[in-house]
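The lines below spell out each chain.
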Amino acid sequence: MPGSRDTMIANSDPAPSRSRWELITLGCMFTGYMAFIFSRTALPVASPEMVKDLSLGLDEASYGDIAAWGTAGMITGKLLTGVIADWLGGRRVFLVALVVSALLTFAFGWGSSETIFAGLNFVMLFAVAASWPAMAGIIRVWDPPAKYGRAWGMISTSSRLSASISMVFLGALLTLFSWQNIFRIAGVIALCGAALITFYLKARPEDAGLPSRNAEAEPEASRHEPEAVPQAGTLHFLEDKNPAEALWAFAKSGRVWLICLSIMCTTVLMEFILFLPLYLSSFEGVSSSQASAWSAAFPIGCVLALIAGGFLYDGVSRKGRIGLLGGMLGGTCVCVAALWALNAIPIVPSPVKFPLTIVILFFYGLTLAPAYYLPVSIFSNEFGGRHCGFLVGLVDMAGYSASMLYLIAGGRMVVNWGWQSMIQLFLVIAVVGTLVTIWFAFEDYRRVVPIGGNVSVGA
């Protein structure tokens, strides 16, 4: 009925109701994305037992190929689902993708060969790829630009929190159940997450009885230029552009190319999580379930960094972000170098190598996560406007293209030359990623100006 309680509250005092619904919307995305990650984490958790299952005929190289096919699905999904999310709306695409990925995770339990696993992983991660562009669209209609950092920080937290919980939880279940049941349990959890948020996630403020965010802006809007900071009462320079015109604008932007190079490096560094259970199970005396559970040290570090990272990113000036991102990724370089040194330097006693590795992995996640999640997401919302889902999908596609090459090569590097060869590759990538991300942050500081102004501005 038109006179519902939410509508009455919105009309009489819209600010408190809007804040409440923004929190509800954020909570729904938080819960839903945790469910997505449960689906994605099941494969690396189960991987040690799958490799041990002689009937499957898998090794590290074939597992890397399965993971690479999943990344190919992610690349294809990023290319297509960004435009679809911008067209159909973030809520609809988010919920459909979550249900599809949950059902495909459940189907993994009946897989029996590398080909079947690769095919399922391709389609599942195609669906998972829709989640980030869909959330970009939801955030665009619900949150003002000044809150992008904290919104994406909380969403990114859900990713790493779910990875931590799922690795510990599913790793513990691996001691009780077969690897097949790990996939079935993860699929059921993801379906429950989809059911939980369906009735609370609203596509737009109007669906919650609130005025749209644009309606609260100044009535006479002006158009801001591509290098300007979006403000209330202004139209984005891509507002009336079609996807082809938006793509041309993206292709002409140096910052888009720089953020693509940055995300290519940081995605490869983040994808180490897919190999972590196998890597830790290579230590003497460490079981498959222990390796899966202790792998959570990496995403736990990510969670702690992202809890405050979004607020910090919003709080510092654009010039300050240069030092912030450079310092964080510099720490990542140190962590990767420390992982290499543990096995390269013979004076490190064997009994302490495993606990030291866990500590290093924690700080690895702590330093890497903000630089991986926040710059690309916030930049896509600011620069992409109503095509933000398209832009974030394109940038992520670049990242997962690099990841696919890494997954194919990484498993073979381990088989032929051992884990140290992979760590050495990470060190090179970490250094390159640090330099490129600093360059992007500098360009973002130098080129973005307030509307009508000609000086650099802060956040």
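You'll find the structure just up there.
This structure is a prediction, so every number in the text was calculated from the model and none was measured.

K.L.:
Break down the overall build of the protein chain for me, citing the residues and quoting the values.
P.N.:
Per the secondary structure count, the protein chain includes 17 helices and two strands. Here the protein chain, with 459 residues, has 56% of them falling under the buried criterion. Considering only contacts within the protein chain whose residues lie at least 6 apart along the sequence, 81% involve residues at least 24 apart.

K.L.:
So what about the environment of Leu58? Which residues, and what values?
P.N.:
Among the secondary structure elements, Leu58 is positioned in the loop between α2 (14–52) and α3 (60–88). Assessed through its relative accessible area of 9%, Leu58 is described here as buried. In sequence terms Leu58 and Glu114 are 56 residues apart; their C-alpha atoms lie 7.2 Å from each other. Among all residues touching Leu58, those that are not within four sequence positions of it are Met50, Val51, Ile66, Glu114 and Phe117.

K.L.:
Could you give an account of the packing of aromatic side chains, naming the residues involved and the relevant values?
P.N.:
All chains considered together, the criterion is met by 28 aromatic pairs. Judged by centre distance (5.1 Å) and plane angle (85 degrees), the ring pair of Phe362 and Phe363 falls under edge-to-face. Ring pairing ties together the aromatic residues Tyr63, Phe272, Phe275, Tyr279, Phe283, Trp294, Phe298, Phe354, Tyr364, Tyr406, Trp419 and Phe426, which thus form one cluster. Over the ring of Trp110 we find Arg184, and its NZ or CZ is 4.2 Å from the ring centre.

K.L.:
Report on the packing of helix α4 (residues 90–107) against helix α8 (residues 179–198), specifying residues and quantitative values.
P.N.:
As a packed pair, α4 and α8 sit with axes 7 Å apart at the nearest point and diverge in direction by 160 degrees. By the criterion of interaxial angle, the relationship of α4 to α8 is roughly antiparallel. Judged by the sense of rotation from one axis to the other, the crossing of α4 with α8 is left-handed. Contact residues: α4 offers Arg91, Phe94, Leu95, Leu98, Val99, Ala102, Leu103, Thr105 and Phe106, while α8 offers Phe183, Arg184, Ala186, Gly187, Val188, Ala190, Leu191, Gly193, Ala194, Ile197 and Thr198. Of the residues that constitute the contact of α4 with α8, the class distribution is 14 nonpolar, four polar and two charged.

K.L.:
Now, about a nonpolar patch on the surface: what can you tell me, with residues and values included?
P.N.:
Judged by side-chain polarity, Leu79, Leu80, Ile84, Trp87 and Leu88 come together as a nonpolar surface patch covering roughly 500 Å² of accessible area. For Leu88, the location among the structural elements is in helix α3. Its relative accessible area of 35% is what places Leu88 among the partly exposed residues.

K.L.:
With reference to specific residues and values, describe the side chain of Ser131.
P.N.:
Along the chain, Ser131 turns up in helix α6 (residues 131–142). Using a relative accessible area of 1% as the deciding quantity, one classes Ser131 as buried. Separated by 2.7 Å, the side chain of Ser131 and the backbone oxygen of Val128 make a polar contact. When sequence neighbours within four positions are dropped, the list of residues in contact with Ser131 reads Tyr33, Phe36 and Phe94.

K.L.:
I'd like to hear about the side chain of Asp65, residue by residue, with values.
P.N.:
Secondary-structure assignment places Asp65 in helix α3. A residue is classified by how much of its surface remains accessible, and Asp65, at 16% relative accessible area, is buried. Apart from residues lying up to four places away in sequence, Asp65 is in contact with Glu114, Ile408 and Arg412.

K.L.:
How would you explain the packing of α3 against α6 if you had to name every residue and give the values?
P.N.:
Running from amino to carboxyl end, α3 crosses α6 at an angle of 25 degrees, the nearest separation of the two axes being 8 Å. For the element pair α3 / α6, the angle class is roughly parallel. Here α3 and α6 pass one another in a crossing that is right-handed. Across from Lys78, Thr81, Gly82 and Ala85 in α3, the residues of α6 making contact are Trp132, Pro133 and Ala134. Partitioning the contact of α3 with α6 into residue classes produces four nonpolar, two polar and one charged.

K.L.:
Describe the nonpolar core, with residues and values.
P.N.:
Judged by nonpolar contacts, the single largest core of 138 residues is most densely connected at Trp152, Phe272, Tyr364 and Phe426. If near-sequence neighbours (up to four positions away) are discounted, Phe426 is found in contact with Val268, Leu269, Phe272, Val336, Tyr364 and Tyr406.

Conventions adopted
Residues numbered from 1 in each chain as written. Predicted model: local features only at pLDDT ≥ 70, side-chain atom pairs only at ≥ 80, totals over all residues. Heavy atoms only, no water. Helix = DSSP H or I, 4+ residues; strand = E, 2+ residues; numbered from the N terminus. Buried < 20%, exposed > 50% of the residue type's maximum accessible area, 1.4 Å probe, protein only. Contact = heavy atoms within 4.5 Å. Phe/Tyr/Trp six-rings, centres within 6.5 Å; stacked < 30°, edge-to-face > 60°. Lys NZ or Arg CZ within 6 Å of the ring centre and 35° of its normal. Axes fitted to C-alpha atoms, helices over the stretch in contact; angles between N-to-C directions. Parallel < 35°, antiparallel > 145°, perpendicular 65-115°, else oblique. Left-handed = near helix turned anticlockwise from the far one by under 90°. Nonpolar A, V, L, I, M, F, W, Y, C, P; charged D, E, K, R; others polar. Patch = residues over 30% accessible without salt bridge, like charges linked within 9 Å, V, L, I, M, F, W, Y side chains within 5 Å. Areas by Shrake-Rupley, 256 points an atom, 1.4 Å probe, with all protein chains shown as cover. Salt bridge = Lys/Arg side-chain N within 4 Å of Asp/Glu carboxyl O. Polar contact = N/O pair within 3.5 Å; in protein donor to acceptor, adjacent residues only side chain to side chain. Core = buried A, V, L, I, M, F, W, Y, C linked by side-chain atoms within 4.5 Å.

Everything listed is a geometric property; what it means functionally is a separate question.
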